[in-house]
Amino acid sequence: MSSTLNGGRESTCWSPVSWKQKGIYSQQVKYNDNATLDRACAQIGRLPPLVNPTTIDELKKHFAAAARGSAFILVGGDCAENFDEVQESIIRGKYSLLRDQAASIESAMQVPVHIIGRIAGQYAKPRSQPMETLSTGEVVHAFRGHNVNGIEVQERDPDPARLVQGYLFAAATMNCLSAASRNEGREVWSSHEALHLELESCQTKELYNTSAGFLWLGERTRQIDGAHIEYLRGIENPLGVKIGPTTTPQNLLAVLKTLCPETTMSDGRITLITRLGVANVEKVLPPLVQAVKRSQYRVVWMSDPCHGNGMVVDGTKTRSMSAMLDEVRNTINVLRQNGISLGGLHLEQTGEDVNECIAYHPVDDSIKLENGERYRTLCDPRLSGVQARRLVHDVAGMLRREVSQQDQKETELQWTGWLDISWIKRTRLIVEGLATLKRLFLS
Ligand SMILES: O=C[C@H](O)[C@H](O)COP(=O)(O)O
Ligand SMILES: C=C(OP(=O)(O)O)C(=O)O
Ligand SMILES: [Mn+2]
């Protein structure tokens, strides 16, 4: 293995299971029967890749372009995918949503937008509390994603057989997505949080995690000595790192150094997904951006305006679109002040007509969530299809203004440059210009 393959990470004895040597494995699922877990993982390991290494290499190039400012990455999908929603119309709805959002950002930014679903494997969830006390007083495992347990009370014990089901549901979803991309001509990639390490490592072939194109490290599993960072540092897939409000520049640089020891190999390998909460962006983000800038890492800056803006209203988890839009605006501004453009957006959304997030307009923000039928997320609240298109339309407006301000600056610079050059050079350029026009129109 040459050091150009994975940026020098091979030097310190990585393997798909070296994470097992680490003392910290946050959010680990405790199964009653480890032999059944091992058998399920062995079976998944024998099944074909869901995503091939060549496809992952193509995706890496798109992330590298986004790190240079010449592409944009849009990630969107459920907080927790539902096995029962692996249905053609629902998957197509998610695809069409991403397609429409991409078109809107593309027309604003004039760069290619690549779409990635939180899809085909977003089946494991980190939780604030491992257990939940029901109104009856009964204590059960918290819902941890369909790969682990079910939402119904009688399904809460972690069951390893779900991992094999998860593989099959992910394969069916990928199949439906490839048909959609073939019909519509816009490719879509898959992604999920790399959380369940037994599962992630059994789908690792050579240096690639073949369960998804893009994988991210969650806010709750970012410990520098932890198992998750150990696993992720060895794989070739482009990686996301969630950045919460308590992140310090030192901590961030340590994470970057572990995931990518060579700054020269860093082009787009790491995407920093900021999820700070609207009130924290202006204080927390500038030192992080400046530290990364000084370090020479070439990262993609992506905004997740969902996870820092959650609230609970009458016992129901929700988020306000106004706070989300404000977080993206503040993020764009802080990046711009440091000469960087936003490279991506990360949203929890669905194409369905759900009622889980609070729409714009502060007057209505006195929270009118009619629960029931239209509140059906398994974990965090998602933007509905209409809300998600609207939010991205508004973000596109901000990005359009950013692009036109840059163009204006460049034009001003060109004019200043024109006036700065000597009259001899100016005359020569005018003569050359006239000669070109003559050639074009009179020949
Ligand atoms: O998706 C993110 C987390 O899994 C989620 O926000 C955790 O929610 P909880 O605080 O209800 O456990
Ligand atoms: C768990 C998630 O986010 P975070 O790690 O940022 O809280 C998520 O993206 O669903
Ligand atoms: Mn979530």
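Thresholds, definitions, all that
Residues numbered from 1 in each chain as written. Chains lettered and ligands numbered in written order. Predicted model: local features only at pLDDT ≥ 70, side-chain atom pairs only at ≥ 80, totals over all residues. Heavy atoms only, no water. Pairing = 2+ DSSP bridges. Helix = DSSP H or I, 4+ residues; strand = E, 2+ residues; numbered from the N terminus. Axes fitted to C-alpha atoms, helices over the stretch in contact; angles between N-to-C directions. Contact = heavy atoms within 4.5 Å. Donors = N, O, S within 2.8 Å, 3.2 Å for Na, K, Ca; no water. Tetrahedral: all angles 85-135°; square planar, octahedral: opposite > 155°, others 65-115°. UniProt positions renumbered as here; feature names shortened; annotations may be inferred. 1 Å grid on protein atoms, 1.4 Å probe; cavity = no way out; pocket = protein on both sides within 12 Å on 5 of 7 lines; lining within 4 Å. Buried < 20%, exposed > 50% of the residue type's maximum accessible area, 1.4 Å probe, protein only. Right-handed = clockwise from strand over helix to strand, strands pointing away.

Novice: Quick one: what's the story with the sheet that holds strand β1 (residues 72-77), residue by residue and with numbers?
Specialist: On the basis of which strands lie adjacent, the closed barrel formed by 8 strands has the order β1-β2-β5-β8-β9-β10-β11-β14 and parallel pairing. Going from strand to strand, the sheet's axes swing by 25 degrees on average, the running direction of each strand aside. Judged from the 6 bridges that link them, β1 and strand β2 (residues 113-118) form a sheet pairing that is parallel. Within β2, the position partnered with glycine 76 by the bridge is glycine 117. Running over the sheet, helix α8 (residues 281-295) touches β9 (239-243), β10 (270-274) and β11 (300-303) and is turned about 160 degrees from β11.

Novice: Account for the coordination of the manganese ion (ligand 3), naming residues and giving values.
Specialist: Distances from the manganese ion (ligand 3) to its protein donors, namely Cys79 (SG), His307 (NE2), Glu348 (OE) and Asp380 (OD), fall within the range 2.1 to 2.5 Å. One can describe the site at the manganese ion (ligand 3) as irregular: its 6 donor atoms subtend angles covering 69 to 173 degrees at the metal.

Novice: Which residues make up unusual backbone geometry, and what values go with them?
Specialist: In the Ramachandran plot, glutamate 206 falls in the positive-phi region, its phi being about 55 degrees despite a non-glycine side chain. Within the element layout of this structure, glutamate 206 appears in the loop between β6 (204-205) and β7 (208-209). Not every positive phi belongs to a glycine, and aspartate 314 is a case in point at roughly 50 degrees.

Novice: Could you give an account of the UniProt feature "binding site: phosphoenolpyruvate" (unreviewed entry) in the chain, naming the residues involved and the relevant values?
Specialist: The UniProt record marks Arg118, Glu219, Arg220, Lys242 and Arg275 with the feature "binding site: phosphoenolpyruvate" (unreviewed entry), using the residue numbering of this structure. Set against the largest pocket, the annotated residues that line it come down to Arg118, Glu219, Arg220, Lys242 and Arg275. Along the chain, arginine 220 turns up in the loop between β8 (214-217) and α6 (227-233). Among all residues touching arginine 220, those that are not within four sequence positions of it are Ser26, Gln27, Pro126, Arg127 and Ser128. Tracing the sequence through the fold places lysine 242 in strand β9.

Novice: For the pairing of β10, give the residues involved together with the corresponding values.
Specialist: Burial runs high along β10: 5 of the 5 residues are buried. By the alternation rule, side chains of β10 split into Ile270, Leu272 and Thr274 and Thr271 and Ile273, which are all buried. As defined by bridge partners, β9 adjoins β10 across 5 bridges and the pair is classed as parallel. Paired with glycine 240 across the two strands is threonine 271, which belongs to β10. This β-α-β element, β9 to helix α7 (residues 249-259) to β10, shows right-handed connectivity. Across 4 bridges, β10 lies against β11 in parallel orientation. Bridge pairing links threonine 274 to serine 303 in β11. For the crossover that starts at β10, traverses α8 and ends in the parallel β11, the hand is right-handed.

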